[in-house]
Structure formats: C-alpha cells, structure tokens
Amino acid sequence: MDSLENQLLIAMPNLGDPYFNKTVTYICEHNDDGAMGLIINLPVNLTLNELLMQIAEESGEENPNDQSNNNSLLKFVLSGGPIAQQRGFVLHSPQHCWNSSLSLNNDIMITTSKDILLSLGTQQAPENYMVALGYAGWAPGQLENELQANSWLTTPVDTEILFNVPVESRWKKSTEKIGIDISRLSSDIGHA
C-alpha cells in the first residue's frame, strides 16, 4: 500500500456523502490501521476569537487574545471532519515549542494542545496556521476503496493552498494544481 500521508484528497462531484461535497482534505496519517485527515475548506460559523472566548469562559481563564480587531483572529475555524468535533487541531508552519506537536513534513506540523491556541494573534503564534474542529477518518482499506471508486483525486500537499489560498477557493485551486478544469468534471463518471 502506498501511503497517502501529505496528500490532498479532492472530492469528486460524484462523491455521495454530502458532508464531503467539494471538500479538500489534508491526509495527516495513512497506514495499515486506516487514515486520518483534516478538511481544509469547510468553515464553521465561528471565528478564532469567538473560539478563544469560549475556551476562556469554559476554563474560567481570561482570554489573552480578546482582540476582535486583530485580523488573524477574525479567520473562521474549519470543520476538520465529522469525527470528534469538540476536539481541536492546529495545522501550522514548523515551531517546536508546543506541548502536543507532531511534525507531518518539513513544512507542516499539527498541534492539539491548548497552549498553541492561546498564542494565536500574538507574537508567539506560528507564521502560518489554520484551526479545525474534528477530523475525517477511514477504516483500514476504506480510503483505498473510495479511491478505486473514483470518489477522490489526490495531489501532494501544497502549503500555499493550505495556508494562503482563501478557504472558498481551495477546492478549485487544488484541482487546477493537477491540471483539471472543475467546470468540466462530470458527476456521471464511467458513463459513455
């Protein structure tokens, strides 16, 4: 089995699951036990500042980042997938000072600890980051079967798409990266 780690999964128009309609998912882990990834283009109705305020209220702490005029905190939080939607993930440029970080490649790390959230909007924040709630997961062999059914296209991760392309343009930009014009994609795959 070839690993799909550090690949973008681009949903094909024929993908039957409405949750994944026109999504792009960054695959963080793929092995014999299955796969785990984060959807990178599905915003929820919550800004980073609002998320940080909720965390502060729940923990009884003061929000050190309560700066609603800070543009970096006005970015929307993303839905990383339908599993464990109360759990937060931060994809970010390399910075090795957080409690629960894992390097995914030379350009991307994932952190799940609260300390990184408290840095967002401050000088200590990573240069590039995105915050997602929940994740997408596949059982052993499930993702491979979905690929054989033409549900997904794949391309190597591109940090420009991950961190700099506007969320609403990531599906289109990902397909363009592999030379496909999405306006020409049909949902009737396999029919002549």
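Look above for the structure.
Thresholds applied
Sequence order as written defines the numbering, with residues in each chain counted from 1. For this predicted model, a pLDDT threshold of at least 70 governs which residues receive local features, and a threshold of 80 or more governs which side-chain atom pairs are given and counted, while totals over whole chains, interfaces and linings are taken from all residues. Hydrogen atoms and water are omitted, and side-chain values are computed over all heavy atoms in the structure. The patches reported here contain residues having more than 30% relative accessible area and no salt bridge. Joining distances are 9 Å for like charges and 5 Å for nonpolar side chains (Val, Leu, Ile, Met, Phe, Trp, Tyr). Here, Shrake-Rupley sampling with a 1.4 Å probe gives the accessible areas, and only protein chains in the shown set may cover a residue. Salt bridge, as used here, is a side-chain nitrogen of Lys or Arg placed within 4 Å of a carboxyl oxygen of Asp or Glu. Working convention for charge: Lys and Arg count positive, Asp and Glu count negative, and His plus the chain ends are omitted. All charge positions are set by atom: Lys at NZ, Arg at CZ, Asp at CG, Glu at CD. Only DSSP runs of H or I reaching four residues or more are called helices, and only runs of E reaching two or more are called strands; each is numbered from the N terminus. Classification of residues uses two cut-offs on accessible area relative to the type maximum, computed with a 1.4 Å probe and protein chains only: under 20% is buried, over 50% is exposed, and between them is partly exposed. Within this scheme, the nonpolar core is defined by two criteria: the residues are buried Ala, Val, Leu, Ile, Met, Phe, Trp, Tyr or Cys, and they are joined through side-chain atoms within 4.5 Å. Contacts are residue-level and defined by heavy atoms, with any inter-residue pair within 4.5 Å sufficient. One less than the number of residues in a helix, times 1.5 Å, gives the span that helix is expected to have. Note: the arc covers the axis-to-C-beta directions of the helix.

J.: It is not clear to me how a negative patch on the surface should be interpreted in this structure. Could you clarify?
T.: Side chains of Glu5, Glu29, Asp32 and Asp33 sit close together on the surface and give a patch of like negative charge. With respect to the helices, strands and loops of the structure, aspartate 33 is situated in the loop between strand 2 (24–31) and strand 3 (34–39).

J.: So what exactly am I meant to see when it comes to the environment of methionine 36 here?
T.: Residue position: methionine 36 is located in strand 3. Residue methionine 36 is classed as buried on the basis of its relative accessible area, which comes to 15%. As for methionine 36 and tryptophan 138, which are separated by 102 residues in sequence, their C-alpha atoms are 6.5 Å apart.

J.: Any chance you could explain the nonpolar core here in plain terms?
T.: Within soluble globular proteins, side chains that are nonpolar tend to cluster in buried spots. Formed by 37 residues in total, the largest nonpolar core has its most connected members in Tyr26, Leu91 and Leu162. Those residues in contact with leucine 91, other than ones at most four positions away along the chain, are Tyr26, Leu38, Leu104, Ile108, Met109, Ile110, Asn128, Tyr129, Met130, Leu162 and Phe163.

J.: What is the right way to look at helix 1 (residues 48–59) in this model?
T.: Side chains three or four residues apart in an α-helix point the same way, a direct result of the helix having 3.6 residues per turn. Compared with the 16 Å implied by 1.5 Å per residue over 12 residues, the 17 Å span of helix 1 between its first and last C-alpha is a close match. Along helix 1, the positions that sit buried rather than exposed are Leu48, Asn49, Leu51, Leu52, Ile55 and Ala56. Take helix 1 and look down its axis: the buried residues cluster within an arc of 160°, on one side only. Of the exposed residues in helix 1, the ones pointing more than 90 degrees away from its buried face are Glu57 and Glu58.

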